[in-house]
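Architecture at a glance
Each chain, written out:
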Amino acid sequence: MRSLVLVAVLAGALLMPATAHAETAAPHTGIHVRDGRLVEATGSDLVLRGVNHDFMWYPDRNGSFAGIKSAGANAVRIPLGIGHQWRRSGAKDVATVVGLCKANRLICILDAHDTTGFGQDKKAATMAQAVQFWLGLRDVLVGQEDHIIVNIANEPFGNGTTMPWVQQTTDAIRTLRAAGFRHTLMVDAPGWGQDESFVMRDNAERVRDADPTGNTVFDIHMYGEFDTAAKVNAYLSSFTSRRLPILVGEFSGEHQWGDPDEDAIMAYAEARELGYFGWSWSGNDKQYSYLDLVDNFDAGKLTAWGRRFISGPNGLTTDTREATVYRNAAGTSPARAPQQVRVLDVTSSTVTLGWKPRRNASFQVVAVEGAAEVRVATTSRSTVTVPKLRGSTDYTFAVYSRDLLGTRSPRSALVAAVTPPA
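Residues numbered from 1 in each chain as written. Predicted model: local features only at pLDDT ≥ 70, side-chain atom pairs only at ≥ 80, totals over all residues. Heavy atoms only, no water.

Description of the overall build of the protein
A count of helices and strands for the protein gives 11 helices and 17 strands. The C-alpha atoms of the protein give a radius of gyration of 21 Å, which matches the 22 Å a tight globule of 422 residues would have. The principal-axis extent of the C-alpha atoms belonging to the protein is close to 65 × 45 × 45 Å. Looking at the 422 residues of the protein, the share that counts as buried comes to 54%. When contacts within the protein are restricted to residue pairs at least 6 apart in sequence, long-range pairs at least 24 apart make up 73% of them. Total accessible area computed for the protein in this model is approximately 17,200 Å², and 51% of it derives from carbon and sulfur atoms. (Helix = DSSP H or I, 4+ residues; strand = E, 2+ residues; numbered from the N terminus. Rg over C-alpha atoms; globule rule 2.2 N^0.38 Å. Buried < 20%, exposed > 50% of the residue type's maximum accessible area, 1.4 Å probe, protein only. Contact = heavy atoms within 4.5 Å. Areas by Shrake-Rupley, 256 points an atom, 1.4 Å probe, with all protein chains shown as cover.)

See below:
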């Protein structure tokens, strides 16, 4: 595990002024991009947090959708086969997936998976073949723009700077728009999704500008290439500073090709309010079982990676908010985590915390160590002093709120403090 990346140091690293991409005057019908952020048709900010679920290989494990929702996710990313490397997911399969997502109040990201590593993997499909796959599903996807994002091609090229990622990606976007797709489109980086040669990073504006609607989101996969906090921060900030929408579509706690810094990935995503998706719910081959979040698709049997990802620092339960398309339909309002949590004062035996005030709410302060929490204070005020601490000790805290009906919010962002010697 990596040392925790404090979100406080990121206060100056959020979105910087930039010229927004001019969008068409046509009204948005669903999820779309506005000023470099993903939003819903209502204009509500949409920060997608969830997991990848291997529907392509396990089409009968549909109880997983309820488990993923219960883990705190607001979205799920689904690999689909296009009939090149893996069994083709037909219109009936896709309709089933979309129905399960909607029944479990999840935003659905659908990805064409057979393109993985084209140019190095001889079995991989081309991006043009992925586009034809989507065109064949047009009738089942149109009208679902509030609930679906179309991930055009998973990890569409292997490593190298000569891969024609820019041209083929822009061609794919234009073809789908011409065919009437009004969904938000998501494009994966080359380099097996990790953009090791920075092709996506350095050409992102060209790809965005190829979309006449401006509704294209960039997807980076963070495995061994992102083994330090500095690399994670530099890559994500290169997009947010230009107001380019990005999320982390895949990452894990460990990997056979390098050790991802999962703590940094989750902390920087939380600080910038960016989406992330862990790989994966369950069903990886035995030698890669460390990638499973739960054992044998059982939501009650979290693995070490599952505990870290779901309830650890900046995990799914921190500040994941359900999409308003589901909340509004149910007539409910979101319970939002306390905002602007910060350390106000530190002594050798106390830490004083503060956060943004909220009417008609109480607050629970917890000390966090790994995936474990211990409640240390309850208050109706927006500040609290935690007593009886040890000197020369690192502490990490977070805050929950409860409304008048007793509904508890997600956990706030984490803050840390070091007490001086007694």
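The rest of the description comes next.
Topic: the side chain of Thr419
Looking at the secondary structure, you find Thr419 in the segment after strand E17 (415-418). Residue class for Thr419 comes out buried when judged on its relative accessible area of 2%. Within the structure, Thr419 has its side chain in polar contact with the backbone oxygen of Arg390 (distance 2.5 Å). If sequence neighbours within four positions are ignored, Thr419 has contacts with Val346, Thr347, Ser348, Val351, Leu389, Arg390, Gly391, Ser392, Thr393 and Tyr395. (Polar contact = N/O pair within 3.5 Å; in protein donor to acceptor, adjacent residues only side chain to side chain.)

Some details on the environment of Pro212
Here Pro212 is to be found in the loop between helix H6 (199-209) and strand E8 (216-222). Sequence separation of Pro212 and Arg174 is 38 residues, and the distance between their C-alpha atoms is 7.9 Å.

Overview of the environment of Trp355
Of note, Trp355 is situated in the loop between strand E12 (351-354) and strand E13 (362-369). Look past the residues within four positions of Trp355 in its chain and what remains in contact with it is Gln339, Gln340, Val341, Arg342, Phe363, Val365, Thr379, Arg381, Ser382, Thr383, Val384 and Val399.

A short note on the packing of aromatic side chains
In this structure the tally under the stated criterion is 16 aromatic pairs. Residues Phe251 and Tyr276 carry aromatic rings whose centres are separated by 5.7 Å and whose planes lie at 85° to one another, so their mutual orientation is edge-to-face. Taken together, the residues span a long stretch of sequence, with Phe251 in strand E9 (residues 246-251) and Tyr276 in strand E10 (residues 276-278) at a distance of 25 residues. We note that Phe251, like Tyr276, is buried. For the ring pair Tyr276 and Phe309, a centre distance of 5.7 Å and an interplane angle of 70° mean the geometry is edge-to-face. One end of the pair, Tyr276, is in strand E10; the other, Phe309, is in helix H9 (residues 304-311), and 33 residues separate them in sequence. The class for Tyr276 is buried, based on a relative accessible area of 0%. (Phe/Tyr/Trp six-rings, centres within 6.5 Å; stacked < 30°, edge-to-face > 60°.)

Some thoughts on the sheet that holds strand E11 (residues 342-346)
Here we have three strands laid out as an open sheet, ordered E11-E12-E15, and antiparallel in their pairing. The two strands at the open ends of the sheet, each matched to only one other strand, are E11 and strand E15 (383-386). For this sheet, the mean inter-axis angle between neighbouring strands, taken without regard to orientation, is 25°. Across four bridges, E11 lies against E12 in antiparallel orientation. By the bridge assignment for E12, Val343 is matched with Leu353. (Pairing = 2+ DSSP bridges. Axes fitted to C-alpha atoms, helices over the stretch in contact; angles between N-to-C directions.)

A few points about the sheet that holds strand E16 (residues 394-402)
Whether parallel or antiparallel, the strands of a sheet pair through hydrogen bonds between backbone atoms. Across the sheet, which stays open at both edges, the four strands sit in the order E14-E13-E16-E17 with antiparallel pairing between neighbours. Strands with a single pairing partner mark the edges of an open sheet, and in this sheet they are strand E14 (372-379) and E17. Neighbour-to-neighbour, the strand axes of this sheet turn through a mean angle of 30°, independent of strand direction. Note that E13 and E16 share six bridges and pair antiparallel. Looking at E16, one finds that Ala367 is bridged to Phe397.

Considerations on the environment of Asn62
Tracing the sequence through the fold places Asn62 in the loop between strand E3 (49-52) and helix H1 (64-70). Each C-alpha atom, one on Asn62 and one on Ala124, is 27 Å from the other, the two residues being 62 residues apart in sequence. Aside from chain neighbours lying at most four places away, what touches Asn62 is Phe55, Thr96 and Leu100. In this structure the side chain of Asn62 is engaged in a polar contact, spanning 3.3 Å, whose partner is the backbone oxygen of Pro59.

Overview of the pairing of E13
Of all eight residues making up E13, six are buried, and the element is well covered by its neighbours. Where E13 lies against E14, seven bridges are found, and the strand directions are antiparallel. Bridge pairing in E14 places Ala367 opposite Val374. Between E13 and E14, which follow one another and run antiparallel, lie two residues, and Gly370 among them has a positive phi close to 65°.

Thoughts on the nonpolar core
With 73 residues, the main nonpolar core has Leu110, Trp134, Ile152, Ile220 and Phe309 as its most contacted residues. In this view, Phe309 contacts Gly50, Val51, Phe251, Met266, Tyr276, Phe277, Gly278, Leu293, Gly315 and Leu316; residues no more than four positions away in its chain are not counted. In this structure, Ala367, Val386, Leu389 and Val399 belong to the second largest nonpolar core, which totals 17 residues. (Core = buried A, V, L, I, M, F, W, Y, C linked by side-chain atoms within 4.5 Å.)

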